[in-house]
Every structure is written in structure tokens, then in C-alpha cells.
Amino acid sequence: MGDVQPRTAHRAADDAAVPHPDGAAGLGAELAAVVAAARRRAVRDRDRHTDTAHLLHALLEQDPEARAAVGDPQRLARVLGYLVQRSIGYGLRWQSSVEDSAAMPRVPAPAGPADAAAPAGPADTARSGPGKEAEGWSPAASAALADARARARRRGAPHVGGTDLLAALAADPRSRAVEVLERAGVPARELSARIEAVADVRTDGGGAAR
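Residues numbered from 1 in each chain as written. Predicted model: local features only at pLDDT ≥ 70, side-chain atom pairs only at ≥ 80, totals over all residues. Heavy atoms only, no water.

Asks: Describe the overall build of the chain, and please don't skip the residues or the numbers.
Replies: Of the regular secondary structure elements, the chain holds 10 helices and zero strands. Secondary structure elements of the chain, listed N to C terminal, follow the sequence α-α-α-α-α-α-α-α-α-α. Counting the 210 residues in the chain, one finds 49% classified as buried. In the chain, the share of contacts with a sequence separation of at least 24, taken over all contacts with a separation of at least 6, comes to 68%. Total accessible area on the chain stands at roughly 9700 Å², and carbon and sulfur atoms take up 55% of it. (Helix = DSSP H or I, 4+ residues; strand = E, 2+ residues; numbered from the N terminus. Buried < 20%, exposed > 50% of the residue type's maximum accessible area, 1.4 Å probe, protein only. Contact = heavy atoms within 4.5 Å. Areas by Shrake-Rupley, 256 points an atom, 1.4 Å probe, with all protein chains shown as cover.)

Asks: Before we move on, can you summarise helix H8 (residues 162-171) with the specific residues and values?
Replies: With nine of 10 residues buried, H8 lies mostly within the body of the structure. Taken as a whole, H8 has its buried residues at Gly 162, Thr 163, Asp 164, Leu 165, Leu 166, Ala 167, Ala 168, Leu 169 and Ala 170.

Asks: Account for the pattern of salt bridges, with residues named and values stated.
Replies: Proximity of charged atoms lets side chains of opposite charge pair with each other. Evaluated as defined, the whole model comprises nine salt bridges. Note that Glu 61 is salt-bridged to Arg 41, the shortest N-O span being 3.0 Å. Remark: Arg 41 occurs in helix H2 (residues 28-44) and Glu 61 occurs in helix H3 (residues 52-62); sequence separation between them is 20 residues. Residue Arg 41 is classed as buried on the basis of its relative accessible area, which comes to 13%. (Salt bridge = Lys/Arg side-chain N within 4 Å of Asp/Glu carboxyl O.)

Asks: Requested: an account of H3, with residues and values cited.
Replies: Most of H3 is tucked away: nine of the 11 residues are buried. Every buried residue of H3 is listed here: Thr 52, Ala 53, His 54, Leu 55, Leu 56, His 57, Ala 58, Leu 59 and Leu 60. If you check the start of H3, you find a side-chain oxygen 3.0 Å away from the backbone N of Ala 53, and it comes from Asp 51. (Polar contact = N/O pair within 3.5 Å; in protein donor to acceptor, adjacent residues only side chain to side chain.)

Asks: Tell me about empty space enclosed by the protein, and name the residues and values.
Replies: If you walk through the whole model with that rule in mind, you get one cavity of 30 Å³ or more. Taken as a whole, the largest cavity holds about 70 Å³ of empty space. What lines the largest cavity is simply Asp 47, Arg 48, His 49, Asp 51, Arg 86, Trp 94, Gln 95, Ser 97, Glu 99, Ser 138 and Arg 176. Among the residues making up the lining of the largest cavity, the classes are represented as one nonpolar, four polar and six charged. (1 Å grid on protein atoms, 1.4 Å probe; cavity = no way out; pocket = protein on both sides within 12 Å on 5 of 7 lines; lining within 4 Å. Points joined across faces, edges and corners; volume = space filled by probe spheres on them. Nonpolar A, V, L, I, M, F, W, Y, C, P; charged D, E, K, R; others polar.)

Asks: Lay out the packing of aromatic side chains with the relevant residues and their values.
Replies: Describing an aromatic ring pair means giving the distance of the ring centres and the angle of the ring planes. All chains considered together, the criterion is met by zero aromatic pairs. A cation sits over an aromatic face here: Arg 39 above Trp 137, 5.8 Å from the ring centre. (Phe/Tyr/Trp six-rings, centres within 6.5 Å; stacked < 30°, edge-to-face > 60°. Lys NZ or Arg CZ within 6 Å of the ring centre and 35° of its normal.)

Asks: Lay out the environment of Gly 136 in plain terms, naming residues and giving numbers.
Replies: Structurally, Gly 136 is set in the loop between helix H6 (90-94) and helix H7 (139-154). When the C-alpha positions of Gly 136 and Thr 50 are compared, they lie 6.1 Å apart, and in sequence the two are 86 residues distant.

Asks: Requested: an account of the packing of H3 against helix H5 (residues 73-84), with residues and values cited.
Replies: At their nearest, the axes of H3 and H5 sit 10 Å apart, and the two run at 135° to each other. The orientation of H3 with respect to H5, classified from their angle, is oblique. The way H3 lies across H5 gives a crossing that is left-handed. Only Leu 76, Val 79, Leu 80, Leu 83 and Val 84 of H5 make contact with H3, whose side of the interface consists of Ala 53, Leu 56, His 57 and Leu 60. Within the contact of H3 with H5, the residues separate by chemical class into eight nonpolar, one polar and no charged. (Axes fitted to C-alpha atoms, helices over the stretch in contact; angles between N-to-C directions. Parallel < 35°, antiparallel > 145°, perpendicular 65-115°, else oblique. Left-handed = near helix turned anticlockwise from the far one by under 90°.)

Asks: I'd like a description of the environment of Leu 83, backed by residues and values.
Replies: Topologically, Leu 83 is positioned in helix H5. Taking relative accessible area as the criterion, Leu 83 reaches 4% and is therefore assigned buried. Note: C-alpha distance between Leu 83 and Val 180 (97 residues apart in sequence) is 7.0 Å. Ignoring any residue separated from it by four or fewer positions in sequence, one finds Leu 83 in contact with Ala 53, Leu 56, His 57, Leu 60, Tyr 90 and Val 180.

Asks: Could you give an account of the packing of H2 against H3, naming the residues involved and the relevant values?
Replies: In the contact formed by H2 and H3, the axes pass within 8 Å of each other and the chain directions differ by 130°. With respect to each other, H2 and H3 are oriented oblique. Note that H2 runs across H3; the crossing there is right-handed. Side by side, H2 and H3 meet where Leu 31, Ala 33, Val 34, Val 35, Ala 37, Ala 38, Arg 41 and Ala 42 of the first sit next to His 54, Leu 55, His 57, Ala 58, Leu 59, Glu 61 and Gln 62 of the second. Looking at the contact of H2 with H3 residue by residue, the classes come out as 10 nonpolar, three polar and two charged.

Spelled out as C-alpha cells, the structure:
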């Protein structure tokens, strides 16, 4: 907790558009742990960038509200099943490409809090290909983290909740997280809209979602 205040005290005015350098500022302890887990998974999977599928996988493993929002246990199991299988099939083509996003131009981002000591190179071809340490966030993952912060601010919450991040991940139709959700039979646009509707009800009722 002691290192949270210095990070959150220097939030830029354009926070909604540009990701924080460490990827976790303003997220709170629970979501910071999700971000760190996603970074570790990217390195373990030998992927070039931490992408939205890494974030979705870590989020569903660690956040009960996000799991509940996805739906019944069978639907959740299908989503996790596809995420676990990213090392085969469609996941193989992900290793040789960059996850782009219509919401944000392609930008590099340094490592997350759990990997602060590791250098994060630019998102170019200089260190491309599997087997290298994950270089940073994919453009779509950067955009999702920024969007999640913006959603939390709109409802007056001090930190980003798991469903803020889930809604942000599901809102980008070009993201790998959406590809996984749709393959598992979870309509991403419907999921994002449902989360937004619940957040609106809580806000209109005079209390921000935690």
C-alpha cells in the first residue's frame, strides 16, 4: 500500500487515452495483481506482448465479480478452456502478430509492477518473435486498461473494479479477448452492455460500485 500514493498522485489529464507506465496505477491492489499475473503469463507463454487475452485469463482466475459477470459455470469453463489452449491453434498465429486496436495507436509500454526490473523495448521488429521477454502491452491491452480507468472514474470509484476491466476488454471488437469470448459462446457486446447497465443503476442509486 505504501507505494500506491506516489503513482496515483501524478495521474495525467489524458489518463483515459494513454496507459500509465507501470500498467497498474489507479487499479487498486486486486487489479494490480491481475495486471502482474497477466505480465507473468505473457513471459511464461513466450509471447511478445501482454495482450487482452492474457488480461482476461488473469482477471477470470482472480476476480469473482468478473467470473460471475461472464455467466454460469459452464460458460465460464468454456472461456477458460479456450484461454488455456492459447499455446495451440489460434494462439500460435498470435505469437507472430501484434494485437492492434481501433481505440489506440500502436505504442510501447514498460513492464508491469511485477517485472519492473526487466527492460521493456519498443514495439518494433528489433526484438520480435517468441522466446523474447514480453516487451510491453499490446495496443489493445493498453487501450483496455485506459478504458477501465475511465469507466471507474465515470462511476466515481476510487479504484478500477474487475467488471470495469472486463467491460473494457469486451468492448473492443478487434481484441483477442473478444475473439476468445465469442468462440466460447459469450457475446462480447452483450456482456459489455450488461456490465455498463449494472454500473449505471448503481451510480443512479447514489452509490458507486466498489
